[in-house]
Amino acid sequence: MKSWIEISSARLAENFRAIQAVAGQGVEALAVIKANAYGHGTTICAPVLAEAGAQWLGVSDVAEGEAVRTALPHSGIRVLVMCGMELADAPALVAHGLTPVVWTPEHIAALERAARSAGHRIQVHLEVDTGMGRQGAAPGEDLARTLEALADSRWVSCEGIMTHLCCSESAEAKITEEQRERFASALDQALAAGMRPEFVHLANTSAVDEGSTMQWIRDTAKSLGARAMVRIGFAIYGHCLEIEGEHAHAGALAPKVSPVLVWKTRIIGLRGVAAGATVGYGATFVATQPMRLALLPVGYADGYRRAASSGVGNGWVMIAGRRAPVVGRVSMNLTVVDVSGHADVQEGMEAVLLGEGVTAEDQARWSGTIAYDILCGIRANFELR
Ligand SMILES: *Cc1c(COP(=O)(O)O)cnc(C)c1O
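Residues numbered from 1 in each chain as written. Predicted model: local features only at pLDDT ≥ 70, side-chain atom pairs only at ≥ 80, totals over all residues. Heavy atoms only, no water.

Novice: Would you mind going over the site of the ligand with me for this structure?
Specialist: Taken together, Val-32, Lys-34, Tyr-38, Met-82, His-164, Asn-204, Thr-205, Arg-231, Ile-232, Gly-233, Phe-234 and Tyr-372 make up all the residues around the ligand. Contact between the ligand and Arg-231: a nitrogen atom at 2.8 Å from a side-chain N or O atom of the residue. Of the residues contributing to the shell around the ligand, the split by class is six nonpolar, four polar and two charged. (Near = heavy atom within 4 Å. Polar contact = N/O pair within 3.5 Å; in protein donor to acceptor, adjacent residues only side chain to side chain. Nonpolar A, V, L, I, M, F, W, Y, C, P; charged D, E, K, R; others polar.)

Novice: Please clarify how the packing of aromatic side chains should be interpreted in this entry.
Specialist: How two aromatic rings sit relative to each other is given by the distance of their centres and the angle of their planes. Per the stated rule, a full pass over the model turns up seven aromatic pairs. Centre to centre, the rings of Tyr-38 and Tyr-372 are 6.0 Å apart; their planes meet at 40°, and the pair counts as tilted. Here Tyr-38, found in helix H2 (residues 34-38), pairs with Tyr-372, found in helix H12 (residues 371-376); they are 334 residues apart in sequence, far enough to count as distant. The exposure classification of Tyr-38 matches that of Tyr-372, with both residues buried. Considering the side-chain rings of Phe-183 and Trp-216, the 6.3 Å spacing of their centres and the 55° angle between planes classify their relative orientation as tilted. Taken as a pair, Phe-183 in helix H8 (residues 174-192) and Trp-216 in helix H10 (residues 214-223) lie far apart in primary sequence, 33 residues in all. In this structure an aromatic cluster arises from ring pairing among Tyr-38, Phe-234, Tyr-237 and Tyr-372. (Phe/Tyr/Trp six-rings, centres within 6.5 Å; stacked < 30°, edge-to-face > 60°. Helix = DSSP H or I, 4+ residues; strand = E, 2+ residues; numbered from the N terminus. Buried < 20%, exposed > 50% of the residue type's maximum accessible area, 1.4 Å probe, protein only.)

Novice: I would appreciate a short explanation of the pairing of strand S4 (residues 78-81) in the present structure.
Specialist: Walk down a regular strand and you will see the side chains alternate between the two sheet faces. Bridge count between strand S3 (residues 56-59) and S4: four bridges; the pairing is parallel. Following the sheet pairing, Trp-56 is matched in S4 by Arg-78. Handedness of the crossover joining S3 and S4 through helix H4 (residues 62-71) is recorded here as right-handed. Judged from the two bridges that link them, S4 and strand S5 (residues 99-102) form a sheet pairing that is parallel. Directly across from Leu-80, in S5, lies its bridge partner Thr-99. (Pairing = 2+ DSSP bridges. Right-handed = clockwise from strand over helix to strand, strands pointing away.)

Novice: Any chance you could explain the UniProt feature "binding site: substrate" (unreviewed entry) in the chain here in plain terms?
Specialist: UniProt marks Arg-134 and Met-332 with the feature "binding site: substrate" (unreviewed entry), using the numbering shown here. Separation in sequence by 199 residues is matched in space for these annotated residues, since their most distant C-alpha atoms are 33.6 Å apart. Take Arg-134: it is sitting in the loop between strand S6 (122-127) and helix H7 (141-152). With respect to the helices, strands and loops of the structure, Met-332 is situated in the loop between strand S16 (322-327) and strand S17 (335-338). Given the relative accessible area of 44%, Met-332 is considered partly exposed. (UniProt positions renumbered as here; feature names shortened; annotations may be inferred.)

Novice: Explain the packing of helix H1 (residues 9-23) against helix H3 (residues 42-51) here, please?
Specialist: When two helices pack together, their arrangement is captured by the angle between the axes and the distance separating the axes. In contact at an axis separation of 9 Å, H1 and H3 are set at 50° when each is read in the N-to-C sense. With respect to their mutual orientation, H1 and H3 come out oblique. Along this stretch, H1 crosses H3, giving a crossing that reads as right-handed. Contacts between H1 and H3 involve Ser-9, Leu-12, Ala-13 and Phe-16 on the former and, on the latter, Cys-45, Val-48 and Leu-49. A class-by-class count of the residues in the contact of H1 with H3 yields six nonpolar, one polar and no charged. (Axes fitted to C-alpha atoms, helices over the stretch in contact; angles between N-to-C directions. Parallel < 35°, antiparallel > 145°, perpendicular 65-115°, else oblique. Left-handed = near helix turned anticlockwise from the far one by under 90°. Contact = heavy atoms within 4.5 Å.)

Encoded structure:
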């Protein structure tokens, strides 16, 4: 095995429970498992989260929704399909009992046809665009047309109304306040059109961690006779972004969750090189003294970022609890690390690519990206611990 991932099911479950506690009693915590559970494995994580009490899972598309149904047959767990729908997906959404996020009259019409021909109703969550600008109906005329389609439909019912915040990791984003106001007016509009949603939601990990919208969404839900829902991905896996801004404060969630994934490989070769030896493509690394180098069978094809190369991100792996810096360029399937002075290192020993001593946040820094991107990019085999 070139590299593998170990998932701590105990930590995953603990994180979920911690999130539920911070979100508050009566708030529904939806566990987001889109993108192969942020690289953690959908079919591994879904049963653990269901066991930990998750009533809702969030996926990106129909195919992921079907995978959840296969992993959890007969569970009745609710599955929100969050990243849009193709009109042709409507029959599969109905057949698998998935709950799509919708925002156009065309979505409603396609689902109405599919649900009528299947002979059972489908529930949907209506997305309002309050500033993210990707999906959702804009409050006003746009939203009015979709509300009309929902009011006219006999087989599609609006179970939830939601929006998505674009700057929730900022402690003082004016746009968050604006998004909240637009969402409030959209809720008024929906109520006037006869909608009686069971759930209202806008918060992701950073919104729960930062906290400033939480009381508002709880109060708003209560005033509508609905329940607040939070949609949490990143923190389920033990991560939170830094809260940004002049008045940044400690997060409510960050101290209560911990990473669940360790990504490992094994040393497949050791060699000593003399001063003057070059290592890797481009001969970007030249040894200035005799060195001992270890060969690892992972590279950028496995999601181990090329930016970890020496002279670029200057990444490292952990071997027997000590840092071993990357030497030269990470190549497609191979990476060389410096184990000079690690007297005890042998072929066959494990190297931690991501885990204790080398975090997803470290890798993100080397690569000029965010830890979300690092986690989703891992391509390895899975093991449940
Ligand atoms: C991915 C996603 C989330 C989860 O975001 P995290 O920051 O990972 O908690 C929530 N809502 C929507 C609509 C999403 O697409």
